[in-house]
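# Fold and geometry: a report
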Amino acid sequence: MKKAPSKRLFGTNGVRGVVGTEITPDLVYKIGAAFGSMRSGRIAVGRDTRTSGETLLHALKAGLLGTGCNVVDCGILPTPALQFLIKEEFDGGAMITASHNPPEYNGVKIIESDGTEMGDEETIKLEQRIFDQTFSIKPWNEVGIETSASHLVERYIDAIVTQFPPDIGKGIVVAVDPGSGPACRTTPEILKRMGCRVLTVNGVMDGTFPGRLPEPTPEGLAELSGLVVSSGASFGIAHDGDADRSVFVDEKGHYIEENREFALVAKQFCTQQKGFVVTPVSTSNLVEAISSSNHCEVVYTKVGSIYVARTMLALIHDKKKVVLGGEGNGGLIFPNHQFCRDGGMTAAVMVSIVAKNNRNLSSLVKSLPKRYMIKEKVKTKNASVIMKELKRALMKEHLDETDGLKITRGSSWALIRASGTEPLLRIIVESENKTDTGKFFNEIWGLIAESLKSDHA
Ligand code: MG
């Protein structure tokens, strides 16, 4: 059987790499020209705050304009804000961002007219055009025109604020850490307009990220935690570099693990409506436990937010009710808003949860069942051989092959996947307690070690 073509440049979240070596203006020009050759009409573009963003955005625009697209430059804004605008009023778009990667990185995300990221099939066609350099370059009288529309971000802010009753955040103090990223323009404003009092750290856009790295980690959020505690705020919110994800610290300044954040939101949504919750196979079983105890059903997908978004759309197309989608990394998708992860919307939802329950965030999170997870990775160039051996060894288990191998034993599970971009295997094991997780992990680790040994023989 002929192997299906796979993506070579784009990963699960667009093209990303170090600027100057992997990501160059030349490559980004070609991405623009390839995309512009495949689509036509009004294309919206934007970027995060990275220092390389301006150069790369110019290159992208040159490619799009040269192939006859009309470009609307939405300026610096969160990825979900651009996706929202595209869904509402454009024929497609592209975002210059490297999301949570360090400052020296940048990349491109291609967005379709429905606001979702370009799917695998179209991405492979786009890559082929880049490799073959088959661009429909237009003559002088057919090139596109460019307009600036930095103000359009207001429409995204309005769309979120109007989802909630007026002044729902009254009396709630929230500390926001947009991480010097594009959410400096949106999240504080959204929360203020919901009635909250808003304090910020790293609230000035700066592509050198002077306060913390774009990935929100418990260590990186020490300043946010300190502000929450010293100000008596109800909770703190932080975003990754392009604000499609939100993470939280409770009123005591404690970081809330992202699967628990997802479960808390799922609990809120599943008590209000019945339907499906969509998430990748790598998400904690806690989300399924909460959803099913509230008569909602979880549908699992491959790892990657695009698969979650597309599965949600497919279910809706089949007249199924979809309550919520998301990943266990703080990236949540709200189907009544749009079909991509949205950090600003997640922040607003958390305000509504605290307001409605009239309880501390720490006590809301504490009321969720406990889970214990181990994540590990193993370097190997023979991931596919090891995966085959594991499958044979685990034949008698309850196996799921949506993405890699998932072994489920009641509420315990293990997932082993070959990375799509690096020569390594990723392992996740979860149970209700530390002992069971440790035992299960050792078992899986033993099988992999056995495989690795024969690998080197
Ligand atoms: Mg991101």
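Presented here is an overview of the structure given in this document.

Analysis parameters
- Residues numbered from 1 in each chain as written.
- Predicted model: local features only at pLDDT ≥ 70, side-chain atom pairs only at ≥ 80, totals over all residues.
- Heavy atoms only, no water.
- Axes fitted to C-alpha atoms, helices over the stretch in contact; angles between N-to-C directions.
- Helix = DSSP H or I, 4+ residues; strand = E, 2+ residues; numbered from the N terminus.
- Parallel < 35°, antiparallel > 145°, perpendicular 65-115°, else oblique.
- Left-handed = near helix turned anticlockwise from the far one by under 90°.
- Contact = heavy atoms within 4.5 Å.
- Donors = N, O, S within 2.8 Å, 3.2 Å for Na, K, Ca; no water.
- Buried < 20%, exposed > 50% of the residue type's maximum accessible area, 1.4 Å probe, protein only.
- Pairing = 2+ DSSP bridges.
- Disulfide = S-S within 2.5 Å.
- Expected span 1.5 Å × (residues − 1).
- Core = buried A, V, L, I, M, F, W, Y, C linked by side-chain atoms within 4.5 Å.
- Polar contact = N/O pair within 3.5 Å; in protein donor to acceptor, adjacent residues only side chain to side chain.

### Digging into the packing of helix α1 (residues 25-38) against helix α4 (residues 120-132)
Viewed as axis vectors pointing N to C, α1 and α4 meet at an angle of 120 degrees, and their least axial separation amounts to 9 Å. Classed by the angle they form, the pair α1 and α4 counts as oblique. In the crossing of α1 with α4, the sense of the turn from one axis to the other is right-handed. Seen from α1, the contacting residues are Leu-27, Lys-30, Ile-31, Ala-34, Phe-35, Ser-37 and Met-38; seen from α4, they are Glu-122, Lys-125, Leu-126, Arg-129 and Ile-130.

### Describing the coordination of the magnesium ion
The coordination sphere of the magnesium ion, as far as protein atoms go, consists of Ser-99 (OG), Asp-240 (OD), Asp-242 (OD) and Asp-244 (OD), spread over 2.0 to 2.2 Å. Written as a sequence motif, the donor arrangement for the magnesium ion is S-x140-D-x1-D-x1-D. With respect to class, Asp-242 is no different from Asp-244; both count as buried.

### Looking at the sheet that holds strand β14 (residues 322-326)
Read across the open sheet, the four strands follow the order β13-β12-β14-β15; overall the sheet is mixed. Edge positions in the sheet fall to β13 (297-301) and β15 (332-333), since each of these pairs with one other strand and no more. Where strand β12 (residues 276-280) and β13 come together, five bridges link them in parallel fashion. Each residue of the ladder has a partner; that of Phe-276, found in β13, is Glu-297. Packing of helix α8 (residues 258-272) onto the sheet brings it into contact with β12, β14 and β15, and relative to β14 it is tilted by some 175 degrees.

### Here's the deal with the state of the cysteines
In protein chemistry, a disulfide is the covalent bond that joins the sulfur atoms of two cysteines. All chains considered together, the criterion is met by zero disulfides. Cysteine Cys-69 remains unbridged, with the sulfur of Cys-74 as its closest cysteine sulfur at 14 Å. Judged by relative accessible area, which is 0%, Cys-69 ranks as buried. Cys-74 forms no disulfide, and the closest cysteine sulfur to it belongs to Cys-340, at a distance of 14 Å. Judged by its relative accessible area of 1%, Cys-74 falls in the buried class.

### Re α1
Because an α-helix completes one turn every 3.6 residues, residues spaced three or four positions apart along the sequence face the same direction. Counted at 1.5 Å a residue, the expected span for α1 with its 14 residues is 20 Å, and the 20 Å between its end C-alpha atoms agrees. With respect to burial, α1 is a largely interior element, 11 of its 14 residues being buried. Among the residues of α1, those classed as buried are Leu-27, Val-28, Lys-30, Ile-31, Gly-32, Ala-33, Ala-34, Phe-35, Gly-36, Ser-37 and Met-38. On its buried face, α1 is in contact with β1 (15-18), β2 (42-47), α2 (53-66), β4 (92-96), β5 (105-111) and α4.

### Notes on the nonpolar core
Proteins that are soluble and globular tend to have nonpolar side chains buried together. Core analysis: the largest hydrophobic core is formed by 63 residues, its most contacted members being Val-174, Ile-190, Leu-191, Phe-235, Val-265 and Leu-361. Ranked by the residues each element gives to this core, the list is headed by helix α11 (residues 343-357), at eight residues. Within the second largest apolar cluster, 28 residues are counted, among which are Val-15, Cys-69, Val-108 and Met-118.

### Thoughts on the environment of Thr-271
Secondary-structure assignment places Thr-271 in helix α8. Thr-271 gets classed as partly exposed once you look at its relative accessible area, which sits at 46%. With 20 residues separating them along the chain, Thr-271 and Ser-291 place their C-alpha atoms 8.7 Å apart. Separated by 2.9 Å, the side chain of Thr-271 and the backbone oxygen of Gln-268 make a polar contact.

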